[in-house]
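Here is how the chains run, residue by residue.
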Amino acid sequence: MPLDIPGARHLHSGKVRDLYEVEGGNLLMIASDRISAFDFVLTPGIPDKGEILTRMSLWWFDQLADIVPNHVVSTSVPEGVRGRALIVERLQMYPVECVARGYLTGSGLIDYDASGEICGVPLPAGLVDGSRLPEPIFTPATKAEMGEHDENVSFEQVTETIGAESAETLRDLTLRIYARADEVARSRGIILADTKLEFGTRPDGTVVLGDEVLTPDSSRFWPADAYQVGRAQPSYDKQYVRNWLISPESGWDRSSNRQPPSLPAEVVDRTRERYVQAYEQLTGEKF
């Protein structure tokens, strides 16, 4: 159920975030403790997750400020959501998930094994799980509604949807952001395998980075000292949840399209530990 926030009108609830309209036409964006995997919202949530995502996004927005403007207007929010909410610009969001991949894993690995390509981008033969790509690639996806599944699409399909100039701008920004973030993360002992970004435009046409950025929800972070090609990597993100869901222990059949079971306390605790560790190792700040 949406929170009752004085002076704010609830607009939308996604898998993780809740949006409210506030005075002046801006939005109040609240990061909840909800966690999703395989396009399902799971129970229970991960304690402190919303605050970790918010703090990490703010830190990364600062690291990227010379590349692209972001949607943050203020961190002064109602007391009840302090620490996990932001006042942000209301943008015209592009209907595309902008994904940059530097390594082969996840849905990209599935596509590669089937076709030798990801989103129409041909890759060399012989790559395996965890292989570093010759260079980072832009692999967009559709934005899925609640309960629907994101679908990888080609650059040509993005061009048809938003126009060639906009598609090229988003591809360029996505790869520039990935390059910067990869450099920063690597200097802190973390590999950024891939990340998902969202962009919108202001009324004057300026392209702005929105939503969250480079969090464990939207990115795959791997410890550099444990990296080993040819296997699934240990990670600082919600891969721990995904791994449990597809294990025999969960008893869940992914192909059934049924709601997954509740997460055990151990999975919740371990996932929170990974989110905190990612935040602290990347930012150098204690949570």
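Structure's up top.
All of the points below concern the structure found in this document. Quick caveat: nothing in here was measured; it's all calculated off a predicted structure. Residue positions are given per chain, counting from 1 as you read along its sequence in written order. Where totals are concerned, whole chains, interfaces and linings use all residues; where local detail is concerned, this predicted model gives features only for residues with pLDDT of at least 70, and gives and counts side-chain atom pairs only at 80 or more. As a rule here, side-chain values come from all non-hydrogen atoms in the structure, and water together with hydrogens is ignored.

**Looking at helix α1 (residues 49-63)**
Helix and strand definitions here come from DSSP, where helices need a minimum of 4 consecutive H or I residues and strands a minimum of 2 consecutive E residues; each element is numbered from the N-terminal end. To estimate how far a helix should extend, the number of its residues minus one is multiplied by 1.5 Å. Between its first and last C-alpha, α1 extends 21 Å over 15 residues, near the 21 Å set by a 1.5 Å rise per residue. We call a residue buried when its accessible area falls under 20% of the maximum for its residue type, exposed when it is over 50%, and partly exposed in between, using a 1.4 Å probe and counting protein chains only. Those residues of α1 that fall on the buried side of the exposure criterion are Lys49, Gly50, Ile52, Leu53, Thr54, Met56, Ser57, Trp59, Trp60 and Phe61.

**What about the environment of Thr159?**
Turning to its location among the elements, Thr159 is positioned in helix α3 (residues 155-162). Separated by 33 residues in the primary sequence, Thr159 and Leu192 place their C-alpha atoms 27 Å from one another. Once residues lying within four places of it in the same chain are set aside, the contact partners of Thr159 are Ala164 and Ala167. Contacts are assigned to residue pairs with any non-hydrogen atoms lying within 4.5 Å of each other.

**Looking at the packing of α1 against helix α4 (residues 164-187)**
In the contact formed by α1 and α4, the axes pass within 11 Å of each other and the chain directions differ by 110°. Classified by the angle their axes make, α1 and α4 are roughly perpendicular. Crossing of α1 over α4 shows right-handed handedness. Across the interface between the two elements, Trp59, Trp60 and Gln63 of α1 pack against Arg180, Ala181, Val184 and Ala185 of α4. Residues of the contact of α1 with α4, tallied by class, amount to 5 nonpolar, 1 polar and 1 charged. For helices, the axis comes from a line fit to the C-alpha atoms of the stretch in contact; other axes are also lines fit to C-alpha atoms, and the angle between any two N-to-C directions lies between 0 and 180 degrees. We call two directions roughly parallel when the angle between them is under 35 degrees, roughly antiparallel when it is over 145, roughly perpendicular when it lies between 65 and 115, and oblique otherwise. Handedness of a helix crossing follows the sense of rotation of the near helix relative to the far helix, less than a right angle counterclockwise being left-handed and clockwise being right-handed. Each residue receives one of three labels: charged for Asp, Glu, Lys and Arg, nonpolar for Ala, Val, Leu, Ile, Met, Phe, Trp, Tyr, Cys and Pro, and polar for the others, Gly being one of them.

**Looking at the packing of aromatic side chains**
Pairing of aromatic side chains requires ring centres within 6.5 Å, counting the rings of Phe and Tyr and the six-membered ring of Trp. Pairs whose planes differ by under 30 degrees are stacked, by over 60 edge-to-face, and all others tilted. Overall, the coordinates contain 8 aromatic pairs when judged by the stated rule. Each ring, one from Trp222 and one from Tyr227, has its centre 6.1 Å from the other, and the planes form 15°; the classification is stacked. You can call Trp222 buried: its relative accessible area is 3%. Accessibility expressed as a relative area gives 26% for Tyr227, which makes it partly exposed.

**Some remarks on the side chain of Arg242**
Secondary-structure assignment places Arg242 in helix α5 (residues 239-245). Despite its burial, Arg242 remains without a salt bridge, the nearest opposite charge being carried by Asp237 at 4.2 Å. Leaving out residues up to four positions away in the same chain, Arg242 has contacts with Ala37, Phe38, Arg220 and Asp237. Charge convention: Lys and Arg are scored as positive, Asp and Glu as negative, and His as well as the terminal groups of each chain are ignored. A side-chain nitrogen of Lys or Arg and a carboxyl oxygen of Asp or Glu constitute a salt bridge if their distance falls within 4 Å.

**Observations concerning unusual backbone geometry**
Most peptide bonds adopt trans geometry, and most residues besides glycine take a negative phi value. A cis amide bond links Thr43 to the next residue, Pro44, at an omega of -10°. Within the secondary structure layout, Pro44 lies in the loop between β5 (40-42) and α1. In this structure, Cys119 takes a positive phi of about 50° despite not being glycine. Relative to the helices and strands, Cys119 is located in the loop between β10 (117-118) and β11 (121-122).

**Looking at the environment of Val158**
Tracing the chain through its elements places Val158 in helix α3. For Val158, a relative accessible area of 4% puts it in the buried group. Linking Val158 and Cys98, residues 60 residues apart in sequence, is a C-alpha distance of 9.9 Å. Setting aside residues no more than four positions away along its own chain, Val158 makes contact with Val96, Pro140, Val153, Gly163 and Ala167.

**Quick notes on the nonpolar core**
Here, nonpolar core means buried Ala, Val, Leu, Ile, Met, Phe, Trp, Tyr and Cys residues that are tied together by side-chain atoms lying within 4.5 Å of each other. In terms of nonpolar packing, the biggest core is built from 59 residues, with Trp60, Ile177, Phe199, Leu209 and Leu263 touching the most fellow members. For this core, the leading source of residues is α4, giving 8 residues. Apart from residues lying up to four places away in sequence, Trp60 is in contact with Ala181, Val184, Ala185, Val213, Leu214 and Leu282. If you look at the next biggest cluster of nonpolar residues, it comprises 10 residues, including Tyr20, Ile30, Val77 and Ile87.

**Overview of α4**
Here α4 contains 24 residues, and its C-alpha end-to-end distance of 35 Å stays within 8% of the 34 Å for a straight helix at 1.5 Å per residue. Here α4 has its buried residues at Ser166, Ala167, Leu170, Leu173, Thr174, Ile177, Tyr178, Ala181, Asp182, Val184 and Ala185. Positioned one or two residues after α4, Gly189 has a phi angle of 80°, which is positive.

**Looking at the pattern of salt bridges**
This model, assessed by the stated rule, comprises 18 salt bridges. Residue Arg82 is joined to Glu79 by a salt bridge in which the shortest nitrogen-to-oxygen separation is 2.9 Å. Under the relative-accessibility criterion, Arg82 is labelled partly exposed at 46%. Between Glu89 and Arg202 there is a salt bridge, with its nearest N and O atoms 2.9 Å apart. With Glu89 in the loop between β7 (85-88) and β8 (92-93) and Arg202 in the loop between β14 (190-201) and β15 (207-210), the pair connects residues that are 113 residues apart, well separated along the chain. What makes Arg202 partly exposed here is its relative accessible area of 25%.

**What about the sheet that holds strand β2 (residues 17-21)?**
Either a parallel or an antiparallel arrangement is found when strands of a sheet pair, and the pairing is made through backbone hydrogen bonds. Ordered in space as β1-β2-β3-β7-β6, the 5 strands form an open sheet in which the pairing is antiparallel. Among the strands making up the open sheet, the edge pair consists of β1 (9-13) and β6 (72-74). Sheet twist, expressed as the mean angle between neighbouring strand axes with direction ignored, is 40°. One ladder, built from 5 bridges, connects β2 with strand β3 (residues 27-31); its direction is antiparallel. Pairing between strands requires that DSSP locate at least two bridges from one strand to the other.

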